[in-house]
Every structure is written in structure tokens, then in C-alpha cells.
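Spelled out from the first residue to the last, the chains are:
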Amino acid sequence: MFSAHSTLSTPHDFDFWRTVYSHGWCALPPFWVDKVRGALSRLLLLEDGSLASCTLSDGKGRLSVQIQSTAKLDKVRKDEIKRQLVECLRLGEDLSAFYAAAKRHPRYRWIPASGAGRLLRAPTVFEDAVKMICTTNCSWSLTEIMVANLIASVGKKFADGLRAFPTPEATAGLSDSFVRKHVRAGYRSPYIIELAERVASGKLDIESWRRSALPTDELFRLVRSVKGIGDYAAGNLLKLLGRYDYLGLDSWVRARFYELHKNGRRVADKTIERHYSRFGKWRGLFFWMEMTRRWADQKFPF
DNA sequence: TTCCAGGGGTAGA
DNA sequence: TCTACCCATGGA
């Protein structure tokens, strides 16, 4: 095992814990939060097949990164590790227009003031897409079970029982019956396998989505064409691609909207969409920020 | 036992 | 475009 230390510089409007706890992803392996050390950890799979366990903690204007790796940590590997972490924490994403818009609304000034807005994502679109499928029509606890089981089934081994997120190639090699029996993904199993097969075969260049020049509605239709990804999953996956034009409604946020705006009374989805339409291309992010505002009032890490 | 979770696909109107 | 029906799983 090889060890190294590195640092990541962060944008002036970045807040580490608000990014870590921006949604549930930090609780899904191979991310995990070490509350004792006050750190976010992540096991990365590098291009050469080596593995790197990274522990990130907040510093002054930069992040401290402790790395343990199966391969010597030369400059090439350290640079790749940094690139992957920058992707995860959205350190290269310019949210200044979003913050400027939020400052124009007194109700939302807390967002730029607190550094909220960056949504944690995986190093790869494939991982985000599989996980998003695993959030559909089930409880969050079942999502955690499915993701953990998938990793335990075909994730590359590191140490201490840790495994990387499976590659499309490894996932594509699983049978439907195996995924049903061991991942417990139920009817989602063929969707996960089909997605993995399309990505592994090169028929679907899913990793290009983050740098796509397509208009958002066209990208939405492309994402939506993946079996198992509907309006909810596509809307939320788009947020992880840096597009915030869709709300991605589910039972959890609907209940939260009813509670915040309608005294608990149910309303149609169109009413929710109309409510946020004034925020234009940022509406999905304004929406998510408002739904999760109470998280921002808590002391991190919680 | 029944219901429902951070829904989605499909067939038929 | 809209609606009914079906789909695995686990927790309450």
C-alpha cells in the first residue's frame, strides 16, 4: 500500500459540508462520511485499474486529501485522483449566475451566503445513473441495500472489505437472475444490465453527457431514453450533469413542497412546476435548495 | 397482512 | 397525451 497527501483548492463560493450533504449520495458507497474524523471518504478506481482510497477534510480555502493506494502515487496518478475529486465536488462548476439570481430574492439569499448549491456526484455518469435507477419506487434504505450489494458483487477489491463501484463491463457481465438474487434490485435488474451493456459496448457514450453541447431538452430526451429512467430520475440526473431545468419530482419532495407551501395540502405537479418556473434554467436547483433548507440549518457533520 | 417508498414501462384509448 | 395495470423488495 502507498500513501500520500495532497490538497485541492476550492472556489471562493464553495462550502465543503454543504456539498457533501447536498443530497443522499454521500451515504452511498463507495462514498462514506467519517463523522469522527470529520471527513468525506471515497474509493476511486483509476484508469490503470489501481485503487485509491481518499479522505477529504475541510481546510482554509482548500481541502486536505489523504490517499492510500494500491499503486505508487506518482504525479500521473495523483493528478487523476484530483481530477476525479474535482468532478465529484463540482469544483470546476461556475455557479456565479445562480448565486447572482439567488441574491435577487430575499427568500433565497441564504444560499450564496452559506455556499450551498453544489450537488455531490460520482466520478462517472454511469455510477450516478445506476444509483439513480436504484432510488426509484423504493425506500432509501432499499437503495442503500441495492448499491451495497452491487458493489459487493462485482466491485474491485481494495482492503478492509472496501470495493470500488463496478465498471460497466463488470456489470454487463451479470445475469438477470444474479442481479435479482444478490443485488435485490427486482424488476430494475434488466434496466441496470441493459444500461451497463450499452455503455460497455460503446453504443451509449454516457460519459460525454457532462460535457454535452446539446440543448437541455434534447439531453433530457437522451437521458430519458435509458430504460428505467423516467421523469424523476432524468430530472435529477440532469442536475448532476450541471443542468437544472427540471425538478425531478418524487414522493419525498412533493410532501416537502406541500408542507412548505400548501399547509400539507396536496396539489398537482403542474402547480409545483409553475411555482418555480420564474427561476428559469436554475429552477431545479432553487427547488432542491428550498426542499433541503433545513439541512443547511444543522451543524455539520451530522 | 397491507401499504407504500426519493417510479417507470407498456398497452390501449 | 392520458390512464390503468403491472412490476420486486423491504420496512412500517
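Residues numbered from 1 in each chain as written. Chains lettered and ligands numbered in written order. Predicted model: local features only at pLDDT ≥ 70, side-chain atom pairs only at ≥ 80, totals over all residues. Heavy atoms only, no water.

1. Comments concerning the pattern of salt bridges
Inference 1: One pass over the structure, following the stated rule, counts 15 salt bridges.
Inference 2: Notably, a salt bridge pairs Glu290 with Arg107, separated by 2.7 Å at the nearest N-O pair. Remark: Arg107 occurs in the loop between α3 (96-103) and α4 (110-114) and Glu290 occurs in helix α14 (residues 283-291); sequence separation between them is 183 residues.
Inference 3: On the basis of relative accessible area, Arg107 is assigned to the partly exposed category, the value being 46%.
Inference 4: Ionic pairing is found between Glu259 and Arg256, a salt bridge with its closest N-O pair at 3.3 Å. Here Arg256 and Glu259 lie together in helix α12 (residues 251-261), a separation of three residues that amounts to about one turn.
Inference 5: For Arg256, a relative accessible area of 6% puts it in the buried group.
Inference 6: If you follow the salt bridges from partner to partner, you end up with Glu87, Arg121, Asp128 and Arg210 in one network. (Salt bridge = Lys/Arg side-chain N within 4 Å of Asp/Glu carboxyl O. Helix = DSSP H or I, 4+ residues; strand = E, 2+ residues; numbered from the N terminus. Buried < 20%, exposed > 50% of the residue type's maximum accessible area, 1.4 Å probe, protein only.)

2. Some details on helix α5 (residues 125-133)
Inference 1: Taken across its nine residues, α5 has nine buried, putting it largely inside the fold.
Inference 2: Residues Val125, Phe126, Glu127, Asp128, Ala129, Val130, Lys131, Met132 and Ile133 constitute the buried set of α5.
Inference 3: The secondary structure elements touched by the buried residues of α5 are β2 (31-34), β3 (39-45), α6 (140-154), α7 (168-172), α9 (189-200) and α11 (231-239). (Contact = heavy atoms within 4.5 Å.)

3. Some remarks on the protein's contact with DNA strand B
Inference 1: Around DNA strand B lies a shell of 21 residues, among which Tyr187, Gly228, Gly230, Ala233 and Ser251 are the nearest.
Inference 2: Protein-adjacent atoms of DNA strand B, using a 4 Å cutoff, are sugar or phosphate at a proportion of 64%.
Inference 3: Between DNA strand B and the protein, one listed contact pairs a phosphate oxygen with a side-chain N or O atom of Lys227 at 3.4 Å.
Inference 4: Secondary-structure elements contributing two or more residues to the surface near DNA strand B are α11 and α12.
Inference 5: Here the surface near DNA strand B is built from residues that sort into nine nonpolar, eight polar and four charged. (Near = heavy atom within 4 Å. Polar contact = N/O pair within 3.5 Å; in protein donor to acceptor, adjacent residues only side chain to side chain. Nonpolar A, V, L, I, M, F, W, Y, C, P; charged D, E, K, R; others polar.)

4. Quick word on the state of the cysteines
Inference 1: In total, this model carries zero disulfides according to the counting rule given.
Inference 2: Free of any disulfide, Cys88 has its nearest cysteine sulfur in Cys54, 8.9 Å distant.
Inference 3: Look at Cys88 and you get buried, because its relative accessible area is 1%. (Disulfide = S-S within 2.5 Å.)

5. Here's the deal with the protein's contact with DNA strand C
Inference 1: The environment of DNA strand C is made up of Asn137, Ser141, Leu142, Arg180, Arg184, Gly186, Tyr187 and Arg188.
Inference 2: Put simply, 70% of the atoms of DNA strand C that lie within 4 Å of the protein are in sugar or phosphate.
Inference 3: The contact in question runs from a base nitrogen of DNA strand C to an N or O atom on the side chain of Asn137, over 3.2 Å.
Inference 4: One of the backbone N or O atoms of Tyr187 is found 3.1 Å from a sugar or linking oxygen in DNA strand C.
Inference 5: Broken down by class, the residue content of the surface near DNA strand C amounts to two nonpolar, three polar and three charged.

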